[in-house]
Amino acid sequence: MQDRTSAPQEIALRVDGRKRRPDSARLRRLNILVGVLSLPLFVGLWELASRSGAVNMVLFPPPTVVAAAVLEWIRSGQFLGDLLASLFRVTTGFIVGGALGILLGILTGQFPVISSLLSPLFHILRPIPPIAFVPIVILWFGLSEAGKLFLVVWGVFFTVWLSTHIGVQKVDRGLIRAALMLGTPRRQMLQEIVLLGALPYIVVGLRTAVSISFYTLVAAELAGTFAGIVYRIEIAQQNMQTGQVMGGLAALGLISFIADRLFAALAERTVWWR
Amino acid sequence: MSGSRSIVKLALASSPTSVDSARKQPAIQVSNLSIVFESRRGQTIAVDRVSFDVAPGEFVCIVGPSGCGKSTVLNTIAGLEVPFEGDILVEGSPVHGPRPDVGMVFQQPHLFPWKSVRRNIAHGPRMHGKSKTDANAVADDLIAMIGLKRFADAYPNTLSGGMQQRVAIARALANQPRVLLMDEPFGALDAQTRAVMQDNLLELRDRINTTIVFVTHDIDEAIVLADRVLIMSAGPGRILREVAVKLPRPRSSSIMVEPPYLSLKKDCLDVIRAEGLRAFNQSDAS
Ligand SMILES: Nc1ncnc2c1ncn2[C@@H]1O[C@H](COP(=O)(O)OP(=O)(O)O)[C@@H](O)[C@H]1O
Ligand SMILES: [Mg+2]
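What counts as what
- Residues numbered from 1 in each chain as written.
- Chains lettered and ligands numbered in written order.
- Predicted model: local features only at pLDDT ≥ 70, side-chain atom pairs only at ≥ 80, totals over all residues.
- Heavy atoms only, no water.
- Helix = DSSP H or I, 4+ residues; strand = E, 2+ residues; numbered from the N terminus.
- Rg over C-alpha atoms; globule rule 2.2 N^0.38 Å.
- Buried < 20%, exposed > 50% of the residue type's maximum accessible area, 1.4 Å probe, protein only.
- Contact = heavy atoms within 4.5 Å.
- Areas by Shrake-Rupley, 256 points an atom, 1.4 Å probe, with all protein chains shown as cover.
- Phe/Tyr/Trp six-rings, centres within 6.5 Å; stacked < 30°, edge-to-face > 60°.
- Buried area = accessible area lost by both parts, 1.4 Å probe.
- Salt bridge = Lys/Arg side-chain N within 4 Å of Asp/Glu carboxyl O.
- Polar contact = N/O pair within 3.5 Å; in protein donor to acceptor, adjacent residues only side chain to side chain.
- Domains from an automatic or database assignment.
- 1 Å grid on protein atoms, 1.4 Å probe; cavity = no way out; pocket = protein on both sides within 12 Å on 5 of 7 lines; lining within 4 Å.
- Points joined across faces, edges and corners; volume = space filled by probe spheres on them.
- Nonpolar A, V, L, I, M, F, W, Y, C, P; charged D, E, K, R; others polar.
- Near = heavy atom within 4 Å.

On to the overall build of chain B, then. The helix and strand inventory of chain B stands at nine helices and 10 strands. Its C-alpha radius of gyration of 19 Å places chain B within 12% of the 19 Å reference for a compact globule of 286 residues. Taking the principal axes of its C-alpha atoms as reference, chain B extends roughly 65 × 45 × 45 Å. Looking at chain B as a whole, 51% of its 286 residues are labelled buried. Across chain B, the fraction of contacts at a sequence separation of at least 24, relative to all contacts at a separation of at least 6, is 69%. For chain B, the accessible surface area stands at approximately 13,400 Å², while carbon and sulfur atoms represent 53% of it.

Applying the stated criterion to the full structure yields 18 aromatic pairs over all chains. Note on Trp272 of chain A and Tyr155 of chain B: the rings are 5.4 Å apart at their centroids and 85° apart in plane angle, and the pair reads as edge-to-face. A residue pair is termed interchain when its members come from two chains, as with Trp272 of chain A in the segment after helix 10 (242–270) and Tyr155 of chain B in the loop between helix 5 (132–145) and helix 6 (161–173). Trp272 of chain A sits in the partly exposed class, given a relative accessible area of 41%. On the accessibility criterion, Tyr155 of chain B (28% relative accessible area) is partly exposed. Relative to Trp114 of chain B, the ring of Phe112 of chain B lies with its centre 6.4 Å away and its plane at 20°, an arrangement referred to as stacked. One exposure class covers both Phe112 of chain B and Trp114 of chain B, and it is buried.

Opposite the 24 residues of chain B that make contact, chain A presents 19 residues. Of the roughly 1,900 Å² buried between chain B and chain A on both sides combined, carbon and sulfur atoms contribute 69%. For the chain B face of the interface with chain A, the top three residues by lost area are His110, Trp114 and Met127 of chain B, together amounting to 35%. Joining chain B to chain A, the criterion identifies one salt bridge. Our count for the contact surface shared by chain B and chain A stands at four residue pairs in polar contact (both at pLDDT 80 or more).

Right, let's talk about the domain arrangement of chain B for a bit. All names here are of chain B. Once the domains are mapped, chain B shows domain 1 (1–101 + 178–286) and domain 2 (108–176). Relative placement of domain 1 and domain 2: their C-alpha centres are 24 Å apart. Across the contact, 20 residues belong to domain 1 and 14 residues belong to domain 2. Summed over both partners, the interface of domain 1 with domain 2 comes to about 1,400 Å²; 71% of that surface belongs to carbon and sulfur atoms. Across the contact surface, domain 1 and domain 2 share zero salt bridges. Counting only elements with at least two residues in the side of domain 1 that touches domain 2, the list comes to helix 1 (2–12), strand 7 (179–183) and helix 7 (191–208). If one sorts the elements of the side of domain 1 that touches domain 2 by residue count, helix 7 sits on top with six residues.

Now for unusual backbone geometry. Across the junction of Arg249 of chain B and Pro250 of chain B, the peptide omega takes the value -5°, indicating a cis bond. Residue position: Pro250 of chain B is located in the loop between strand 10 (238–244) and helix 9 (259–285). The residue Met240 of chain A is not glycine, and still its phi comes out positive at about 60°. Of note, His110 of chain B is a non-glycine position whose phi angle comes to about 50°, a positive value.

This part covers the side chain of Arg89 of chain A. Assignment of secondary structure puts Arg89 of chain A in helix 3 (residues 78–110). One polar contact links Arg89 of chain A to Glu145 of chain A, side chain to side chain, over a distance of 2.5 Å.

Our focus in this paragraph is empty space enclosed by the protein. Taken as a whole and assessed by the stated rule, the structure comprises three cavities of 30 Å³ or more. There is about 70 Å³ of room inside the second largest cavity. In terms of lining residues, the second largest cavity is bounded by Ala178, Met181 and Leu182 of chain A together with Met104, Val105, Phe106, Pro109, Ala168, Arg171 and Ala172 of chain B. Contributing elements (two or more residues each) for the lining of the second largest cavity: helix 7 (173–181) of chain A together with strand 6 (102–105) and helix 6 of chain B. Residue composition of the lining of the second largest cavity, by class: nine nonpolar, no polar and one charged.

Residue and element names in this part refer to chain A. Under the domain assignment, chain A is made up of domain 1 (1–55) and domain 2 (63–270). For domain 1 versus domain 2, the separation of C-alpha centres amounts to 39 Å. Listed by partner, the interface residues are four residues for domain 1 and five residues for domain 2. Taking both sides of the interface into account, the surface hidden between domain 1 and domain 2 amounts to around 360 Å²; carbon and sulfur atoms contribute 69%. Considering only the surface of domain 1 that becomes buried against domain 2, Trp46, Glu47 and Arg51 emerge as the three largest contributors, covering 90% of it. Our count for the contact surface shared by domain 1 and domain 2 stands at zero salt bridges. For the interface between domain 1 and domain 2, the tally reads two residue pairs in polar contact (both at pLDDT 80 or more). Split by residue class, the side of domain 1 that touches domain 2 holds two nonpolar, no polar and two charged.

Residue and element names in this part refer to chain B. If you check the shell around ligand 1, you find Phe37, Ala46, Pro65, Ser66, Gly67, Cys68, Gly69, Lys70, Ser71 and Thr72 and nothing else. Within the backbone of Gly69, a nitrogen or oxygen atom sits 3.1 Å from an oxygen atom of ligand 1. Within the side chain of Thr72, a nitrogen or oxygen atom sits 2.5 Å from an oxygen atom of ligand 1. Against a free-state accessible area of 560 Å², the protein chains account for coverage of 58% of ligand 1. Considering each element in turn, the shell around ligand 1 owes the most residues, three residues, to helix 3 (residues 70–78). Class assignment for the residues of the shell around ligand 1 results in four nonpolar, five polar and one charged.

This part is about the layout of surface pockets. Residues and elements named next belong to chain A. Considered as a void within the structure, the largest pocket measures approximately 330 Å³ in volume. Contributing to the lining of the largest pocket are 15 residues, with Gln110, Arg173, Ile176, Met189 and Val194 lying nearest its centre. The set of elements that each furnish at least two residues to the lining of the largest pocket consists of helix 3, helix 6 (145–169), helix 7 and helix 8 (186–222). Among the elements that line the lining of the largest pocket, the one with the most residues is helix 8, at five residues. In terms of residue class, the lining of the largest pocket is built from eight nonpolar, four polar and three charged.

Structure (C-alpha cells):
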C-alpha cells in the first residue's frame, strides 16, 4: 500500500528533475549570449542603415563618425573641461539640495508645527517642473554659475525632502516605543532611531534625485553657459555637427548611468539591514 | 565567569529582604483604572475601573479575549498610555511616562535592525550613561544567559523569531528593571518554539526574580507561568476573577498534564465559559 503510493511519485520527481534542469541552464546561457550581443547588434545595424544611402548621412551619421567626433572632442582638450563643468554642477547641486532636503524632511516629519508651516508651500512648489524656472533664473542670476546650481538644487531638494518627510513619518512605531521603554532621550531618538529608521526612504529619494539632477543640468546648461556637456551638444547642433551631438548624448547617458550605479552600490551598503 | 557574577547581582535587586520590606508596598498598584479612546465614531471604553496589586517578585498573568484591553492596561503601566481615570503606582511612585525601573517586551521583538544583538541589548545601559565597555559587559552577560553567545555579533534579520524575542527580553532586562511587562511576547511564535520559550522564561525568572506582568490570550500559558492569573472580559475590559496558581516551582510546561493543573484550568474555563454565555445571551437579547 505504502509502496504503491510512494514509488510513482519518486519516479515522476526524478524524470521531472532530469528534464528541467539542463533546459533552464541552456535557456540562461542563451539569455546571457543575447544580452552580450545586443549592443553590438544595434550599433552594427545603425552603421549599415546610415551607410545604405536610405537616410541623410549628415543628419544620421554612422557610429564610426560619431566615434571619430568623440575622439576629436577628447583630443582637443574640450571634453575634460566640459566634463568637469557638468560634474561640478551636478555634484554640488546634488549635495546641497540633498542636504537641505534631508534636514527639512526630518524637521517637517518630526515636528507637526514645522510641517504645518512649510508643507503647504512645498506642496505647491514641488509639482512645478524645475525647467519652467529657467526664465526666472536667467532674470535673477543672469548666466552665472549660481543660477545653474539653483536649478539643480531646486530639482533635487523637493524629491529628497518629500521622501525624507514620509520616511520619518513611517518609522516603525514599535521601534520608537521600544526605544522609549529603554530610556532613549529625545536627541538620541532623533539621531539613532528616527534617522536610521527613515534611511531606506531617504536613500530611495536620493537615488531618484540622481537622475533629476541630470535632467535639471540639461535645463541649466541650455539656459546659457560657456562649458559643459550639454552646452557642447548645443554648439554642435548649431554647427550641424550631428556626430558630435550624438557623441555628447552618449557621454551624458554614460555619465548618468555610472552615477546611478555608483549610488545604487553605495545605497546597498548604507541600508545593509534591508 | 563574569556572567554568573552579574546574574547574582540581578537576583539581589529583589532579594528576600526587599520582599519583606515591600510587604507593605506592592510593586504595582492599579486602582480604578479606566481608559477611554476617542475616535470618529465616538468614545470607546477600552478598560473599565480595573484594580489590582502585584506583589514584589510576583508573576501575574492577565488572560482575556483579544480586544479586551490587556495591551491597554499594560501600556498604561508602562507609561506609554495615559489613564482616563484612576491611578497607577509602581514601587510606590506614580507613573508619568516610561521609566528605567519598568521594562517592556512586546508581541513583536522590535529589535533595532541596524544594531547587532550585543548593541541592541547594550542600548538601554548606553542610554543611561554607561560607558560602551560597561554596557557591552552587561550585554554579554545577558547574551550568555539567553544562550545566544554564537549570535552576539549577528544582526536581527538573521535570527529566528524565537531568538529575536529572547534578545528582546534580554534587552529589556539590561536596565535591571524592578518590573517587567510582557505583552503576548510568544504570541507570534509557533507552538514548539513557544513551549521552549515558556520553559526558558520560567528558568530565567527563577534566577532574576523580577516582578512580571505577562499578558496572553492563552490560558495554558497563563497557568504554567503565573503565581496568579487575572481573567479579563471584553467590552469594556474588566477583571472577572483572580485565580491563585499554587503549583510548585521550579516548573516547566510539562505540568500541563498533571491533575492539580487540570483542575485549575477547569476553574478558569468555567469562569470564561460563563462570561461567554452571558455576553452571547446579552447580544442575542439586544
Ligand atoms: N489607540 C487606540 N485608539 C482607539 N481604540 C483603541 C486604541 N488602542 C486600543 N483600542 C481599542 O481598545 C480595546 C482594547 O484594545 P487592546 O488593549 O489592544 O486589547 P487586547 O490587547 O486585549 O487585544 C479594543 O477595542 C481596541 O479597539
Ligand atoms: Mg494586545
